[in-house]
There are 4 protein chains.
Amino acid sequence: MSTPARTRSFDWEDPLATASRATTLSGGEFLMAIAAGSIPQSPVARALGFTLSEVGDGSAVFTVEPAEYHYNPIGLVHGGLAATVLDSAMACAVQSKLPAGKAYTTLELKINLVRAITLRSGPLRAEGKLIHAGSRVATSEGRLVDAAGRLYAHGTTTCMIFDTHAE
Amino acid sequence: MSTPARTRSFDWEDPLATASRATTLSGGEFLMAIAAGSIPQSPVARALGFTLSEVGDGSAVFTVEPAEYHYNPIGLVHGGLAATVLDSAMACAVQSKLPAGKAYTTLELKINLVRAITLRSGPLRAEGKLIHAGSRVATSEGRLVDAAGRLYAHGTTTCMIFDTHAE
Amino acid sequence: MSTPARTRSFDWEDPLATASRATTLSGGEFLMAIAAGSIPQSPVARALGFTLSEVGDGSAVFTVEPAEYHYNPIGLVHGGLAATVLDSAMACAVQSKLPAGKAYTTLELKINLVRAITLRSGPLRAEGKLIHAGSRVATSEGRLVDAAGRLYAHGTTTCMIFDTHAE
Amino acid sequence: MSTPARTRSFDWEDPLATASRATTLSGGEFLMAIAAGSIPQSPVARALGFTLSEVGDGSAVFTVEPAEYHYNPIGLVHGGLAATVLDSAMACAVQSKLPAGKAYTTLELKINLVRAITLRSGPLRAEGKLIHAGSRVATSEGRLVDAAGRLYAHGTTTCMIFDTHAE
């Protein structure tokens, strides 16, 4: 095959080494260390080319630029990309509020796909924001928007909170 | 870094060339050609290492083996993998019923994650099955199970059906 | 039975007469006529004691005061009440944007219940707000809050838009 | 008003008296007592005219006959009726598996409405079935069908399980 070279390589760091750092930091400290580059981005983020770029108190933003290797068989970026970056943004919005000693797991997520994503969409931001923070359950929402603020997808998630020592 | 080499390369085929074949085949014919290897698996399937392996009349199965490059920052396979393969399986269950000249788009998907996925889970099957096929809207469900039949995730989706010529 | 009298009566107007008025008005006009009392509240609103009280451009508010007859068998207000008033608020947020000649149907709704509703909750507001308005699909979200702004439930919905004449 | 009389009366039993019985019985015993009539149907079931009619090991069925007082303002049965009876059926499918001393709360539910419900639909069955029963989280699904087996709505739910004494 001549043009273009449809091949991609990526590398990643040991995820269990990274995860062990999560147990001594608060959720917000852990995520800010990833955004700042002192803890590596996750393997799946390397695989799909997305990045945790901003962390707030109850919020998180991931960025991704749609590429040909994100495409599905019917000529559009696969909905799984939107689901994955929104899942990340919504879960990290919850994690950003957790003190050290608390962890979370995602119970469910629901994603609406409202506009087709293609190479022409340009860089996208997945913005996660906390809705409800209870002692055992938290919910958050997310929006996937382009540089002009156009909405491509949105979602909500439900997370369960637990003590890391009790698990 | 000595052990192990945490790097991966993959390649893919032009997705728009593949998508153009979708317009002349029925949904089932198109998907069976992918499963049989005469139409290439999608770019995102190559990126994440999953495969369309079975197509029925109102059903589809994707297979994936969890790998370290699927991990999130907290030491587990990212929920986006389950969302992506279930989205594929559920959407293809709908597509498998479409005659030539009809196309679909996914409006929304909802995924429950009921068991953590790790390297030890082994190969997983995402089984999609049609629930309702209307003239303009179809819904389907999916289950993600391991070789022993243990359930890891399940979901539902809503697709809109339209004429390819009318778009 | 002595105290208290656990009985309730309600009445309603012919819903098909009301619905016929929907075909000549825009969605916003129709809903504002209900909120103003010149078109009757729906039968189900009479049955469950909720009221369309505010209509905006892409928004709608229903109010309800939890009562003993809303209870489930385990001592709390049934989640179906939150689902019903949020469904109404979210659907009417969509309907408020429709011109005359367009109608909608709800394809799906998803509701998170984040705080138990009881008699002590006091009057609740279900606030619906449009997220995305496309030519064929619209999505909206809703929040159920008490007088102090505490959140009890939230949700999203997907609606399909169509021409009333084409049906 | 001459024809027909659009009024309805219903009564109910003290829901807190009923709920207190839930603490000494297993979930299945409690629900079977309701289905058998020795514990009253819930207030909301009386308000909307639905009935818990069958209880299995991980399943539950509610029945309802659509009536004019279930209608929304656009000439169809309100989606909240489907949401309410499916919520009941899915939650009771979870509850049917709980031993005495365990209780549950519904975290979220998602409902697809695939066919309009009208007076002509006739009696409907909401069939709930357990999908996943974990120690702290359970999920279930539901289908709303008519006497001919035609599907009107379907859904899934996520419930959290906890010890009644720990609350």
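As a reminder, the structure under discussion sits directly above these lines.
The present account deals with the structure reproduced in this document. Each chain has its residues counted from 1, running along the sequence as written. Chains carry letters from A onward and ligands carry numbers from 1 onward, assigned in written order. The predicted nature of this model means local features are confined to residues of pLDDT at least 70 and side-chain atom pairs, given and counted, to a pLDDT of 80 or more, with totals for whole chains, interfaces and linings taken over all residues. With hydrogens and water stripped out, all remaining heavy atoms of the structure feed into the side-chain values.

Focus: the overall build of chain A
Put simply, DSSP marks the helices as runs of H or I at least four residues long and the strands as runs of E at least two long, and each gets a number from the N terminus on. In terms of regular secondary structure, chain A is built from four helices and seven strands. Only protein chains enter the area calculation, which uses a 1.4 Å probe; residues under 20% of their type maximum are buried, those over 50% are exposed, and those in between are partly exposed. Relative to its 167 residues, chain A shows a buried fraction of 61%. Counted over contacts in chain A with a minimum sequence separation of 6, partners at least 24 positions apart contribute 62%. Computed with the Shrake-Rupley method and a 1.4 Å probe, the accessible areas treat only the protein chains shown as cover for residues. Accessible surface, chain A: about 6300 Å² in total, of which carbon and sulfur atoms supply 51%. Taken together, the 14 basic and 15 acidic charged side chains of chain A have centroids lying 7 Å from each other. The contact criterion used throughout is that any non-hydrogen atoms of two residues lie within 4.5 Å. When charges are counted, Lys and Arg are positive and Asp and Glu negative, with His and the chain ends excluded. Charge placement uses NZ in Lys and CZ in Arg. For Asp and Glu, CG and CD serve respectively.

Things to note about the nonpolar core
Remark: nonpolar core denotes a set of buried residues (Ala, Val, Leu, Ile, Met, Phe, Trp, Tyr, Cys) joined through side-chain atoms within 4.5 Å. Counting residues in each nonpolar core, the largest one holds 67 residues, and the members touching the most others are F50(A), I111(A), L144(A), F50(B), I111(B) and L144(B). Residues contacting F50(B), with those up to four places away along its chain left out, are H78(A), Q41(B), V44(B), A45(B), F62(B), T63(B), V64(B), T84(B), V85(B) and S88(B). Core analysis: the second largest hydrophobic core is formed by 66 residues, I39(C), L48(C), V55(D) and C92(D) among them.

Describing the relation of the copies chain B and chain D
Superposing chain B onto chain D takes a rotation of 180° plus a shift of 0.0 Å along the axis, which leaves an RMSD of 0.0 Å. Taken together, these values place the two copies in the relation of a two-fold axis. Mapped onto chain D, 100% of the interface residues of chain B again fall at the interface, so both copies present the same surface. For this overlay, a least-squares fit was computed on C-alpha atoms, restricted to residues scoring pLDDT of at least 70 in both copies.

Side note on the sheet that holds strand β2 (residues 50-56) of chain B
Strand order in the open sheet formed by twelve strands is β2(A)-β3(A)-β5(A)-β6(A)-β7(A)-β4(A)-β4(B)-β7(B)-β6(B)-β5(B)-β3(B)-β2(B), with antiparallel pairing between adjacent strands. Strands at the two margins of the open sheet, each flanked by one partner only, are β2 (50-56) of chain A together with β2 of chain B. Sheet twist, expressed as the mean angle between neighbouring strand axes with direction ignored, is 20°. When DSSP finds at least two bridges between two strands, those strands are taken to pair. As defined by bridge partners, strand β3 (residues 59-64) of chain B adjoins strand β5 (residues 124-133) of chain B across six bridges and the pair is classed as antiparallel. The residue of β5(B) that forms the bridge with F62(B) is A126(B). All axes are obtained by fitting lines to C-alpha atoms, using only the stretch in contact for helices, and the reported angles, taken between N-to-C directions, cover 0 to 180 degrees.

Focus: the environment of L107(B)
Tracing the sequence through the fold places L107(B) in strand β4 (residues 102-113). Sequence-wise, L107(B) and W12(B) are 95 residues apart; in three dimensions their C-alpha atoms are separated by 26 Å. Sequence-distant contacts of L107(B), defined by excluding residues within four places in its chain, comprise I111(A), N112(A), L113(A), T158(B), C159(B), M160(B), L107(C), V137(C) and T158(C).

Side note on the interface of chain B and chain D
The interface is formed by 13 residues belonging to chain B together with 13 residues belonging to chain D. Buried area is a sum: the accessible area each of two parts loses on coming together, probed at 1.4 Å, counted once for each and added. In this assembly, chain B packs against chain D so that about 1200 Å² is buried in total across both faces, 53% of it on carbon and sulfur atoms. The three residues of chain B that bury the most area against chain D are K110(B), I131(B) and H132(B), which together make up 35% of that side's buried surface. Residue R143(D) is joined to E141(B) by a salt bridge in which the shortest nitrogen-to-oxygen separation is 3.1 Å. Any N or O atom pair separated by 3.5 Å or less is treated as a polar contact, with the protein-specific requirement of one donor-capable and one acceptor-capable atom, and with residues adjacent in sequence counted only for side-chain atom pairs. The tally of links from chain B across to chain D stands at ten residue pairs in polar contact (both at pLDDT 80 or more). Per-element accounting of the side of chain B that touches chain D gives the leading share, four residues, to strand β7 (residues 151-163) of chain B. Residue polarity is assigned by list, with Asp, Glu, Lys and Arg as charged and Ala, Val, Leu, Ile, Met, Phe, Trp, Tyr, Cys and Pro as nonpolar; anything else, Gly included, falls into the polar class. Looking at the side of chain B that touches chain D residue by residue, the classes come out as three nonpolar, six polar and four charged. Here, a salt bridge means any Lys or Arg side-chain nitrogen found within 4 Å of an Asp or Glu carboxyl oxygen.

A few points about the packing of helix α4 (residues 79-95) of chain A against helix α4 (residues 79-95) of chain B
Packed helices, taken two at a time, are described by the angle their axes make and the gap between the axes. Running from amino to carboxyl end, α4(A) crosses α4(B) at an angle of 155°, the nearest separation of the two axes being 8 Å. With respect to each other, α4(A) and α4(B) are oriented roughly antiparallel. Pair α4(A) / α4(B) crosses with right-handed handedness. In this structure, α4(A) uses G79(A), G80(A), A83(A), T84(A) and D87(A) to contact α4(B), whose residues at the interface are G79(B), G80(B), A83(B), T84(B) and D87(B). Partitioning the contact of α4(A) with α4(B) into residue classes produces two nonpolar, six polar and two charged. For classification purposes, angles smaller than 35 degrees are called roughly parallel, those larger than 145 roughly antiparallel, those between 65 and 115 roughly perpendicular, and all remaining angles oblique. Handedness of a crossing is defined here by the sense of rotation of the near helix relative to the far one, left-handed for an anticlockwise turn of less than a right angle and right-handed for a clockwise turn.

Quick word on the relation of the copies chain B and chain A
After a rotation of 180° and a shift along the axis of 0.0 Å, chain B superposes on chain A with an RMSD of 0.0 Å. Mapped onto chain A, 100% of the interface residues of chain B again fall at the interface, so both copies present the same surface.

Focus: the environment of A116(B)
Residues and elements named next belong to chain B. Its location among the elements puts A116 in the loop between β4 and β5. You can call A116 partly exposed: its relative accessible area is 46%. Sequence spacing of A116 and V77 is 39 residues, and the spatial spacing of their C-alpha atoms is 7.5 Å. Leaving out residues up to four positions away in the same chain, A116 has contacts with L76, S121 and Y152.

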